[in-house]
Amino acid sequence: MRNKGAGLLTAAFLFISSVVVSNTEVQAAQWNIDSHGWWYCHTDGSYTTNAWEYINGKWYYFDRNGYMVTGWQEIGGKWYYLYSDGSMASNTWIEGYYVGEDGSWRTAQWIDTAHGWWYCHADGSYTTSAWEYINGKWYYFDRNGYMVTGWQEIGGKWYYLYDDGTMASNTWIEDYYVGEDGSWRTAQWIDTAHGWWYCHADGSYTTSNWESINGYWYYFDGNGYMMTGWQEIDGSWYYLYDDGTMASNTWIGDCYVGKDGRWVSDRHVHKWKWVDWEKRKDGHACNGCSQDLSDWEWNDRYDCCGAFHTHVWILKPAYYICESCEMKKHEHDWRYEEPVYNTGTDEIYRDGYWKCWRCGNQSRDGKTMEPVSISDKGFKRGAIDRWTTPYDFPADGLENWVLVDASWEKPENSPPLQRIDMKGDRSLSPGDTGKYELIFTPASAAESVTWTSSNPSVLSVDNVGNYTAHATGTAKITAESVSAREELFVRVTSSNIGFVKEATLLVDGKSTPDVEITLDGNGKQYDVTLQTNPAEAVYEVEYMIEDEVCAPDYSWYKRSVWLSKSFLLGTISTWSWENRLTFTNPKSEITTGKPGTATIVAIITDINGNKTELRQPVRIK
């Protein structure tokens, strides 16, 4: 300030001198410069500090010492740019930033130019050829960054921008409606507080009439709003779903509407009542000979049509009956029977087929999903030797039947593993090693198997079937997958006893294989026993009884029996034949019936799988 003071003294001196020279001359305001910078001296010698001053049409800012400032300056919370001559920049770009008319730079602002409005971002950038959301409203800027107004086609759609640039939405613009996204489309559904209506391309809409939209019929009231629920239109009743579409060919509650949507007054909802076939004698038919229960009596259970067989009864279809009109309804519940494979191969023993478990109907060819629903010719052979129609739906009154495919169960693309068979020794001695082999059915089935031993201290097995016998005793080896399981019972002895060397069948303590043993009839009980050497070698015993009345093929009534002294203990499956011999329990007792002759057969399987057949004829007196 020292220099500036000297300047002021000089100015004062000059002023006084001028006064002395002439009382009419006044010193003009002027710019002065010293070592600290430029400053502006007023006519009275004063100068501006910490303030703006407008000089010769331009704005300048002076610091607290009165010197002119330049460059970027934060003044009053705003930033300004002062050129090197001190004048304030306005309406221009400075180093990527735009200063407005008042010279200030703000973080973001609208700029009005001769070409139009544009929006300046904080970094000086601006949007071009795109939408921008500003203060809760949408604007669109052209390729030069200027805000557009009026109707504009943007991205293949038409939009309306008000004079202030904001996008119109959910409103009418002239005769056109723009939706929530601001776009006008050729036709569209509009949701309002009063309801839904359909806007056409020209802005019109249907009132008090039907309109087909995208293949569905709708009805609009006098104000153009879509209607729902039951509506009486032109003297007929219609039902309109919640989405406005007209119902057709269906039941609405207890009322039926036809193809044209009109309520059909003479149709009703069937009140279905279950019919219990169990109380009706003619409700079954035999799968073997086609005899039905209307011709059957208890005393011909095992002897019909001249051939001995057991009837396999198939129910007539379970069905419902309408209490109002006696219409009948049967719902086929289709289940897929998986194919059966020959043991250890991929060869199909029985094809897979579809079958209704409620009535026995099968698919037409036994394989495809096409069912046989109705037969007008009674019983007939169908696929894979089974009855396709165990019940004859009456041909004369088919119009009185409702047959429904209730369900289908999709079969597996590849049938799962059906069974596992295990091969290997059942009789071992300590120290023996080997491997148990598995046979899969079907052979191509691929499932992981878990191996376990019930007694690892006697016989251990690893995860692939390799075994080691450790000590005398018994153990059960199990191979189990997700779908199948196989068990093998093994005896470990000091020496291998897996072979039956000698065997004798005794009836009532007697054994005369070539001569009949006479037994008393009418319920007399006798013991049937076996004597084997060695006894421990017996794995299982199968008993069969042949009598003079039986058909040559007695596979229907043979049963396996586990003897109480055999390696495996178990429960005998009791199988009784009226007026015939009967084995009853693990003690191998037989009960006699009426007089006649028979042969008791015992088939012994030893531990290593060898079979021995023993026969003893008997006469019942």
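Residues numbered from 1 in each chain as written. Predicted model: local features only at pLDDT ≥ 70, side-chain atom pairs only at ≥ 80, totals over all residues. Heavy atoms only, no water.

Topic: the overall build of the protein
Part 1 of the argument: Assigned secondary structure in the protein consists of one helix and 54 strands.
Part 2 of the argument: In the protein, which comprises 621 residues, the share counted as buried stands at 40%.
Part 3 of the argument: Looking at the protein alone, contacts between residues at least 24 apart form 46% of all its contacts between residues at least 6 apart.
Part 4 of the argument: Summed over all atoms, the accessible surface of the protein reaches about 35300 Å², with 47% contributed by carbon and sulfur. (Helix = DSSP H or I, 4+ residues; strand = E, 2+ residues; numbered from the N terminus. Buried < 20%, exposed > 50% of the residue type's maximum accessible area, 1.4 Å probe, protein only. Contact = heavy atoms within 4.5 Å. Areas by Shrake-Rupley, 256 points an atom, 1.4 Å probe, with all protein chains shown as cover.)

Let's talk about the sheet that holds strand β9 (residues 104-105)
Part 1 of the argument: With antiparallel pairing, the three strands of this open sheet are ordered in space as β5-β6-β9. This sheet does not close on itself; its edge strands, each paired only once, are β5 (71-75) and β9.
Part 2 of the argument: In the sheet, strand β6 (residues 78-82) pairs with β9 via two bridges, with the strands oriented antiparallel. Looking at the pairing, W79 lines up with W105 of β9. (Pairing = 2+ DSSP bridges.)

Description of the packing of aromatic side chains
Part 1 of the argument: By the definition in use, this model includes 37 aromatic pairs.
Part 2 of the argument: With 5.0 Å between their ring centres and 65° between their planes, W31 and Y40 make a pair best called edge-to-face.
Part 3 of the argument: A centroid spacing of 5.5 Å and a plane angle of 65° characterise the contact between W197 and Y205, whose relative ring orientation is edge-to-face.
Part 4 of the argument: In this structure an aromatic cluster arises from ring pairing among W31, W38, Y40, Y60 and F62. (Phe/Tyr/Trp six-rings, centres within 6.5 Å; stacked < 30°, edge-to-face > 60°.)

Notes on the sheet that holds strand β38 (residues 427-428)
Part 1 of the argument: Sheet architecture is open: four strands sit in the order β38-β45-β44-β41, paired in mixed fashion. The outermost strands of the open sheet, each flanked by one partner alone, are β38 and β41 (450-453).

Focus: unusual backbone geometry
Part 1 of the argument: With an omega of -5°, the peptide bond running from T441 to P442 counts as cis.
Part 2 of the argument: Its place among the elements puts P442 in the loop between β40 (437-441) and β41.
Part 3 of the argument: In this chain, N533 is followed by P534 through a cis amide linkage whose omega measures -10°.
Part 4 of the argument: Take P534: it is sitting in the loop between β48 (525-533) and β49 (538-547).
Part 5 of the argument: A positive phi angle is found at S208, which is not glycine, with a value near 50°.
Part 6 of the argument: In this fold, S208 is placed in the loop between β20 (195-199) and β21 (209-213).
Part 7 of the argument: A positive phi is found at N214, a non-glycine position, where the angle reads about 55°.
Part 8 of the argument: Structurally, the position occupied by N214 is in the loop between β21 and β22 (216-220).
Part 9 of the argument: Residue class for N214 comes out exposed when judged on its relative accessible area of 69%.

A word on the pattern of salt bridges
Part 1 of the argument: The full count for this structure, using the stated rule, is nine salt bridges.
Part 2 of the argument: Measuring nitrogen to oxygen at the nearest pair gives 3.0 Å for the salt bridge that ties E480 to R485.
Part 3 of the argument: Among the residues examined, R485 registers a relative accessible area of 43% and is labelled partly exposed.
Part 4 of the argument: Note that D520 is salt-bridged to K621, the shortest N-O span being 3.3 Å. (Salt bridge = Lys/Arg side-chain N within 4 Å of Asp/Glu carboxyl O.)

Description of the pairing of strand β15 (residues 157-161)
Part 1 of the argument: Pairing analysis gives five bridges linking strand β14 (residues 150-154) to β15, with the strands arranged antiparallel. Each residue of the ladder has a partner; that of G150, found in β15, is L161.
Part 2 of the argument: When β15 meets strand β18 (residues 183-184), the two strands line up antiparallel, connected through two bridges. Within β18, the residue paired with W158 across the bridge is W184.

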